[in-house]
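# What the coordinates show
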Amino acid sequence: MTSSDSKTPFYITTAISYPNGEPHIGHAYEHIATDAMARFKRLDGYDVFFMTGTDEHGLKMQQSADKEGITAKELADRNSAAFLQMEADMGTSYDRFIRTTDADHYAAAQAIWKRMEENGDIYLSKYSGWYSVRDEAYYTEDETEVREDGVRYSKETDTEVTWTEEESYFFRLSAYQDRLLALYESQPDFAAPRSRFNEVISFVKGGLEDLSISRTTFDWGVPVPGNPDHVMYVWVDALTNYLTGVGFPDTESETFKKYWPADVHVIGKDISRFHAIFWPAFLMSAKLKLPKRIMIHGFLHNKGVKMSKSLGNVVAPKEWADQYGLDSVRFFLLREVPFGGDGSYSHDAVVGRMNSDLANNLGNLAQRSLSMVAKNCGGAVPQPGALTPEDTALLEAAGNLLQISREAYDVQDFHGALEATWKVLGDTNAYFAEQAPWVLRKTDVERMNTVLYVTLEVLRIVAILIQPVMPDSAAKLLTVLGQDDDAARQFSAIGTPLVPGTELPAPTPIFPKYEEPAE
Ligand code: ME8
């Protein structure tokens with residue numbers, strides 16, 4: 001058995017983005033969070049498969065392409081490339097970037113359709129209703145309203161709807177109400193956070209109508225097996241991406257057996273119904289296992305205001321990374337907003353986190369302790385003397401961070417994991433100031449060595465644990481702490497303390513303060 005065979009598999013996905021526009025900071029937020037989770041699990045010894053990608057079919061794509069006078073495929077190619085570039089710009093460690101125009105995805109989408117059909121859940125009928133192109137969704141009359149401008153809108157999403165009639169295949173969603181409620185009952189963590197899960201549950205309790213799952217008015221989609229006049233409703237095809245990525249329809253393939261069902265689908269609050277209602281119903285119908293958890297994050301707003309092209313307040317992820325540095329952006333997004341809730345961002349908020357949490361609390365502590373070691377301990381990890389209760393308490397608090405972080409990451413509480421870590425850093429700063437090793441240098445060298453050792457040991461543990469959030473800066477910090485070996489950077493190394501005498505490279509500042517550019 002190779003070591004990867006013995007590892008526990010962990011399959012995590014982002015939503016696949018609509019490439020009908022450019023990536024924005026909301027996309028980056030979701031992908032960075034998912035990436036942090038994937039990295040955390042890898043460092044904790046799991047065999048991780050992390051998938052992201054683009055959702056390229058549907059009327060919205062067709063219409064955006066028409067406006068530009070290009071084909072939907074051309075638009076998809078261009079903008080999918082922009083999303084792929086975003087992954088590089090945000091440093092995500094995905095294993096596959098899936099495009100729903102990939103050949104294997106057509107096969108998977110048609111295969112799940114056939115399974116649902118074989119199960120008796122698909123029938124042909126006629127559909128009429130209020131259709132929103134933006135949402136790719138039909139609404140009932142009372143879910144819409146005519147506003148002052150004389151235009152009818154979806155009340156929930158504020159998008160324009162038009163009356164549409166077409167022959168359509170339907171999925172017998174109504175037959176799944178009880179089974180879905182039983183699922184929610186038996187798996188209270190199926191979707192999180194609870195408040196958003198409760199919204200889903202009450203929607204299902206309100207009754208489910210059958211779902212129109214094909215379109216005949218345009219052809220930019222996956223053809224319905226046996227009836228090429230129809231293309232699949234984009235959400236049937238889109239959700240199936242999670243299966244395609246691990247080898248479906250070959251349910252006997254190694255990847256499928258290993259990674260399905262997915263451990264976590266990370267998605268935003270606007271698409272919780274698709275993931276927590278339609279998706280499990282499709283899978284039940286296709287006789288496939290259900291994902292273990294749907295993690296629903298909130299929306300990011302620019303200084304509290306919804307991002308929109310017309311307001312000109314949409315942030316391009318790359319601009320932020322160029323301005324603040326990628327790791328600061330990653331840290332800010334995960335530290336600032338409790339995952340699941342909505343959040344606000346602003347220049348001042350990012351700079352505040354950079355300067356206080358990163359430059360002061362972490363950067364300064366590392367720089368001060370490591371410079372003292374360079375000058376006073378021959379540039380090597382000092383030999384500690386007997387430990388005082390203060391030393392032991394601090395080392396214990398740092399050691400406990402692994403378990404605290406595991407529990408927090410398991411419920412996607414990045415904010416909580418970082419808060420706990422920075423609490424230990426705050427305590428270490430207080431300890432450093434109180435112990436004053438620069439005074440001990442003249443009075444008690446052995447005690448100075450101990451204080452410096454304890455500080456470096458806390459920094460080592462913190463550096464290992466923040467790799468998922470700030471991979472580059474954490475790697476630099478581990479290097480200046482003499483921890484270059486890959487094995488020394490895994491979570492399994494947290495319990496192995498620094499070896500006195502280990503030579504350290506000259507310290508370099510890692511977390512710079514943000515300087516406003518000169519006018
Ligand atoms: O919904 N803040 O694609 P999408 C945080 N193709 N997250 C945001 C956000 C914001 N301001 N705006 C969007 C789709 N998101 C479908 C998904 S999955 C089978 C198909 C999130 O490009 C949004 O909630 O509109 C979603 O999870 C992701 O970005 C992609 O949104």
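- As named in an unreviewed UniProt entry, the protein chain is Methionine--tRNA ligase, taken from Arthrobacter yangruifuii.
- UniProt, in the comment section headed Catalytic activity (unreviewed entry), describes the protein chain in these words: "tRNA(Met) + L-methionine + ATP = L-methionyl-tRNA(Met) + AMP + diphosphate".
- In its Subcellular location (unreviewed entry) section, the UniProt record describing the protein chain reads: "Cytoplasm".

## What about the sheet that holds strand β2 (residues 47–54)?
- Spatial strand order, β3-β2-β1-β14-β15-β9: 6 strands in an open sheet with parallel pairing. The open sheet has two edge strands, β3 (96–99) and β9 (191–192), and neither has a second partner.
- Sheet topology places β9 next to strand β15 (residues 294–297); 2 bridges connect them, and they run parallel. Along β15, the bridge assignment pairs Ala191 with Ile294.

## Structural notes on the environment of Glu56
- Its place among the elements puts Glu56 in the loop between β2 and α3 (59–68).
- Spatially, the C-alpha atoms of Glu56 and Thr101 are 6.6 Å apart, while their sequence positions differ by 45 residues.
- Those residues within four positions of Glu56 in sequence are excluded, and the remaining contacts are Pro19, Met61, Ala76, Ser80, Arg99, Thr100 and Thr101.

## A short note on the UniProt feature "domain: Methionyl/Leucyl tRNA synthetase" (unreviewed entry) in the protein chain
- Those places that UniProt annotates as "domain: Methionyl/Leucyl tRNA synthetase" (unreviewed entry) correspond, in this numbering, to residues 11–369.
- In this annotation, residues 11–369 is assigned 44% helix and 21% strand; the end-to-end C-alpha distance for the span is 40 Å.

## Looking at the packing of α3 against helix α4 (residues 72–90)
- Running from N to C, α3 and α4 cross one another at 95°; their axes reach a closest spacing of 8 Å. Considered as vectors, α3 and α4 are oriented roughly perpendicular to each other. In this structure, α3 uses Met61, Gln62, Ser64, Ala65 and Glu68 to contact α4, whose residues at the interface are Ala72, Glu74, Leu75 and Ala76.
- Class assignment for the residues of the contact of α3 with α4 results in 5 nonpolar, 2 polar and 2 charged.

## Section: the nonpolar core
- Residues Ile12, Ala33, Met232, Phe282, Leu334, Leu459 and Val462 are the most contacted members of the largest nonpolar core, which totals 135 residues.
- Here this core gets 13 residues from one element, more than from any other, and that element is helix α17 (residues 445–465).
- Setting aside anything within four residues of it in sequence, one finds Phe282 in contact with Ile112, Met116 and Leu239.
- One finds Tyr131, Ala137, Tyr139 and Val161 within the second-largest nonpolar core, a separate group that totals 5 residues.

## A look at the site of the ligand
- Not every one of the 19 residues close to the ligand is listed here, only the nearest: Ala15, Ser17, Gly26, Asp55 and Gly268.
- At the level of elements, α2 (25–43), α8 (234–244) and β14 (264–268) are the ones that each hand at least two residues to the shell around the ligand.
- With 4 residues, the single largest contributor to the shell around the ligand is α2.

## Some remarks on the sheet that holds strand β5 (residues 137–139)
- Read across the open sheet, the 4 strands follow the order β5-β4-β8-β10; overall the sheet is antiparallel. Sheet topology places β5 and β10 (211–212) at the edges, where each strand pairs with a single neighbour.
- Here strand β4 (residues 122–132) runs beside strand β8 (residues 162–171); their pairing, made up of 10 bridges, is antiparallel. Within β8, the residue paired with Gly129 across the bridge is Thr164.

## Some thoughts on the pairing of β8
- Pairing of β8 with β10 involves 2 bridges; the strand directions are antiparallel. Note on β10: the bridge partner recorded for Phe170 is Ser212.

## What about the domain arrangement of the protein chain?
- Taken domain by domain, the protein chain holds domain 1 (9–120 + 173–297), domain 2 (122–171) and domain 3 (357–503).
- The partner domain 3 presents 12 residues to the 11 residues of domain 1 that form the contact.
- The element that contributes the greatest number of residues to the side of domain 1 that touches domain 3 is α2, accounting for 6 residues.
- Within the side of domain 1 that touches domain 3, the residues separate by chemical class into 7 nonpolar, 2 polar and 2 charged.

## Digging into the environment of Ser195
- Inspection of the secondary structure puts Ser195 in helix α7 (residues 194–205).
- By the C-beta count within 10 Å, which is 11 here, Ser195 ends up exposed.
- Put simply, Ser195 and Lys7 are 188 residues apart on the chain and 34 Å apart in space, counted from C-alpha to C-alpha.

## Overview of α4
- For α4, with 19 residues, the first-to-last C-alpha span of 26 Å sits near the 27 Å given by 1.5 Å per residue.
- Of the positions making up α4, those classed as buried are Ala72, Leu75, Ala76, Asn79, Ser80, Phe83, Met86, Glu87, Asp89 and Met90. Take α4 and look down its axis: the buried residues cluster within an arc of 165°, on one side only. Exposed residues on α4 whose side chains face more than 90 degrees from its buried face are Glu74, Ala81 and Ala88.
- Looking at the buried residues of α4, the elements they touch are α2, β2, α3, β3, α11 (317–324) and α12 (326–336).
- Two residues or fewer past α4, Gly91 is found with a positive phi of approximately 65°.

Conventions used here
- Residues numbered from 1 in each chain as written.
- Predicted model: local features only at pLDDT ≥ 70, side-chain atom pairs only at ≥ 80, totals over all residues.
- UniProt positions renumbered as here; feature names shortened; annotations may be inferred.
- Pairing = 2+ DSSP bridges.
- Helix = DSSP H or I, 4+ residues; strand = E, 2+ residues; numbered from the N terminus.
- Contact = placed C-beta atoms within 7 Å.
- Axes fitted to C-alpha atoms, helices over the stretch in contact; angles between N-to-C directions.
- Parallel < 35°, antiparallel > 145°, perpendicular 65-115°, else oblique.
- Nonpolar A, V, L, I, M, F, W, Y, C, P; charged D, E, K, R; others polar.
- Core = buried A, V, L, I, M, F, W, Y, C linked by C-beta atoms within 7 Å.
- Buried ≥ 20, exposed ≤ 12 C-beta atoms within 10 Å, placed from the backbone.
- Near = placed C-beta within 6 Å.
- Domains from an automatic or database assignment.
- Expected span 1.5 Å × (residues − 1).
- Arc of directions from axis to C-beta.

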